[in-house]
Amino acid sequence: MQTMQFTEENISEILRLLAGILHAGNIEFMTAGGAQVASKSALCWTSELLGLNSDQLAEVLTHRSMILRGEEISTPLTVEQAVDSRDSMAMALYSQCFNWIIHKLNNRIRGKEDFKSISILDIFGFENFEVNRFEQFNINYANEKLQEYFNKHIFSLEQLEYNKEGLVWVDVNWMDNGECLDLIEKKLGLLALMNEESHFPKATDDTLLEKLHSQHSKNPFYVKPRVAVHCFGVRHYAAEVVYDVRGMLEKNRDTFRDDILNMLRESRLDFVYDLFEHVLSRNKQDTLRSSTKHRRPTVSSQFKESLHSLMATLSTSNPYFIRCIKPNTHKDVTVLTICVKLQTALPLHKVSGSGDL
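Rules and cut-offs
Residues numbered from 1 in each chain as written. Predicted model: local features only at pLDDT ≥ 70, side-chain atom pairs only at ≥ 80, totals over all residues. Heavy atoms only, no water. Helix = DSSP H or I, 4+ residues; strand = E, 2+ residues; numbered from the N terminus. Buried < 20%, exposed > 50% of the residue type's maximum accessible area, 1.4 Å probe, protein only. Contact = heavy atoms within 4.5 Å. Areas by Shrake-Rupley, 256 points an atom, 1.4 Å probe, with all protein chains shown as cover. Pairing = 2+ DSSP bridges. Patch = residues over 30% accessible without salt bridge, like charges linked within 9 Å, V, L, I, M, F, W, Y side chains within 5 Å. Salt bridge = Lys/Arg side-chain N within 4 Å of Asp/Glu carboxyl O. Lys, Arg positive; Asp, Glu negative; His and termini not counted. Charge placed at Lys NZ, Arg CZ, Asp CG, Glu CD. Expected span 1.5 Å × (residues − 1). Axes fitted to C-alpha atoms, helices over the stretch in contact; angles between N-to-C directions. Parallel < 35°, antiparallel > 145°, perpendicular 65-115°, else oblique. Left-handed = near helix turned anticlockwise from the far one by under 90°. Nonpolar A, V, L, I, M, F, W, Y, C, P; charged D, E, K, R; others polar. Core = buried A, V, L, I, M, F, W, Y, C linked by side-chain atoms within 4.5 Å.

(A) Region of interest: the overall build of the protein. Summing up its helical and strand segments, the protein has 12 helices and 10 strands in all. Considering the protein as a whole, with its 357 residues, one finds that 41% of them fall into the buried category. Within the protein, contacts between residues separated by at least 24 positions form 62% of all contacts whose residues are at least 6 apart in sequence. For the protein, the accessible surface area stands at approximately 20,600 Å², while carbon and sulfur atoms represent 53% of it.

Encoded structure:
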């Protein structure tokens, strides 16, 4: 950060904010006529580092406040809901801080309007664990999309170039993963159904799974497990992955409430206030980059929008693929990285939900 001409005050503010986020993760709750803060020490540290009133922070994390017919109504939360409130506050703080840093870096790096740059994008990251959840689904969706880009350039476009040049070569058979992507992102696809259910207050993970099975059970890239009652599977380009549907709807809903936003705007620290000064509230039909006039965007819809923005940037570039050897027991060679030489300026970009630049 010093190399990029961040001031000592900037660096101190960033580290203080990150420390506050870490301490927020230590805030635990107990049930006592609704959720109550059980870890006063963590609450005090978080309040001090973020410039907040500790009593107000405890109230916001354990109660939902809303305006109804001109009157403020406060509703106690369950322990699970309080944990969601704490996590949504931490995620919003981290996301806004990340965006602030990227904006600062771009202002330092950017030259003339027509300047050229070279960027590196790491595309390795396909995940298949014993239990795969909402996070793995989005990560694998991104990798599926990047694999399509790789296939198009390495197999399709390159072979067309060989034909134009009259080269003698053996046709390479490759798997087109377009149908798998259609299953995920097209109309009535997995993402669309997930987002639809997320907007229904009475929808559950079970009703989501029922809709997925009903709509896609005959799709060759969709897997309906015979035994696992809470799961569905997708036949990705890399492997078949079974996803546990439990918790998906809750994670997909944006739980960053207006009362949390208003509290952060009242921070004694200018840095925290500045991060949320231009974040619109839900009442103004826009919170953290809303793309709809009537509904708050879901986490997966924001992820999809950000991913498509990245793909649009890649489409304007001339890619050079670097093959790297990934250590493994089979001694297989796996493509890990794309090096992209750009024709136009590229601001640093983050795919929502991922830490990769």
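Past the structure itself, the notes keep going.
(B) Highlighting the sheet that holds strand β7 (residues 231–235). With respect to topology, 3 strands assemble into an open sheet ordered β6-β7-β8, the strand pairing being antiparallel. Each edge of the open sheet is held by one strand with a lone partner, namely β6 (222–223) and β8 (240–244). Pairing geometry for β7 and β8, over 5 bridges, is antiparallel. Note that in β8 the partner of Arg-235 across the bridge is Glu-240.

(C) A look at a negative patch on the surface. Side chains of Glu-9, Asp-270, Asp-274 and Glu-277 sit close together on the surface and give a patch of like negative charge. Relative to the helices and strands, Glu-277 resides in the loop between α11 (270–276) and α12 (299–315). Take Glu-277: its relative accessible area is 38%, and that puts it in the partly exposed class.

(D) View of α12. If you check α12, its first and last C-alpha atoms are 24 Å apart, about what 17 residues at 1.5 Å a residue would give, namely 24 Å. Looking at α12, one finds that the buried residues are Ser-300, Gln-302, Phe-303, Ser-306, Leu-307, Leu-310, Met-311 and Leu-314.

(E) Expanded view of a nonpolar patch on the surface. Taken together, the side chains of Met-66, Leu-68 and Ile-73 make up a nonpolar region of the molecular surface, amounting to roughly 250 Å² of accessible area. Residue position: Ile-73 is located in strand β4 (residues 71–76).

(F) Expanded view of the environment of His-278. Relative to the elements of secondary structure, His-278 occurs in the loop between α11 and α12. Each C-alpha atom of the pair His-278 and Arg-265 lies 10.0 Å from the other, and the pair is 13 residues apart in sequence.

(G) Fine view of unusual backbone geometry. A positive phi angle is found at Gln-5, which is not glycine, with a value near 65°. Topologically, Gln-5 is positioned in the segment before α1 (8–24). Relative accessible area serves as the criterion here: at 52%, Gln-5 is assigned to the exposed category. Positive phi, normally seen in glycine, also occurs at Leu-188, with a value near 65°. Checked against the element boundaries, Leu-188 lands in the loop between α6 (178–185) and α7 (190–198). Here Leu-188 falls in the partly exposed class, since its relative accessible area comes to 40%.

(H) Molecular detail of the packing of α1 against helix α2 (residues 40–50). One can describe the packing of α1 onto α2 by two numbers: an axis separation of 8 Å at closest approach and a directional angle of 160°. The pairing of α1 with α2 is recorded here as roughly antiparallel in orientation. The way α1 lies across α2 gives a crossing that is left-handed. Along its contact with α1, which presents Arg-16, Leu-17, Ala-19, Gly-20, His-23 and Ala-24, the element α2 presents Ala-42, Trp-45, Thr-46, Glu-48, Leu-49 and Leu-50. Residue classes in the contact of α1 with α2 are distributed as 7 nonpolar, 3 polar and 2 charged.

(I) Broad picture of the nonpolar core. Formed by 37 residues in total, the largest nonpolar core has its most connected members in Leu-17, Met-89, Leu-93, Met-263, Leu-264 and Phe-276. Breaking this core down by element, the ones donating at least two residues are α1, β2 (35–37), α2, α3 (54–62), α4 (79–109), α10 (258–265) and α11. A total of 9 residues in this core trace back to one element, the largest contributor, which is α4. Ile-184, Val-241, Val-245 and Leu-314 belong to the second-largest nonpolar core, a separate cluster that totals 34 residues.

(J) Seen up close, the packing of helix α5 (residues 134–165) against α7. Two numbers describe how α5 lies on α7: the axes approach to 13 Å, and their chain directions differ by 145°. Pair α5 / α7 crosses with left-handed handedness. Here Phe-134, Phe-137 and Tyr-141 of α5 lie close against α7, whose contacting residues are Leu-190, Leu-191 and Met-194. For the contact of α5 with α7, a count of residues per class yields 6 nonpolar, no polar and no charged.

(K) Examining α6 more closely. A large share of α6 lies buried, amounting to 6 of its 8 residues. Within α6 the residues assigned to the buried category are Gly-178, Cys-180, Leu-181, Leu-183, Ile-184 and Glu-185. On its buried face, α6 sits against α5, α7, α8 (205–216), β6, β7 and α12.

(L) Looking closely at the side chain of Asn-10. Relative to the helices and strands, Asn-10 resides in helix α1. Taking relative accessible area as the criterion, Asn-10 reaches 10% and is therefore assigned buried. Excluding residues within four positions of it along the chain, Asn-10 makes contact with Trp-100 and Lys-104.

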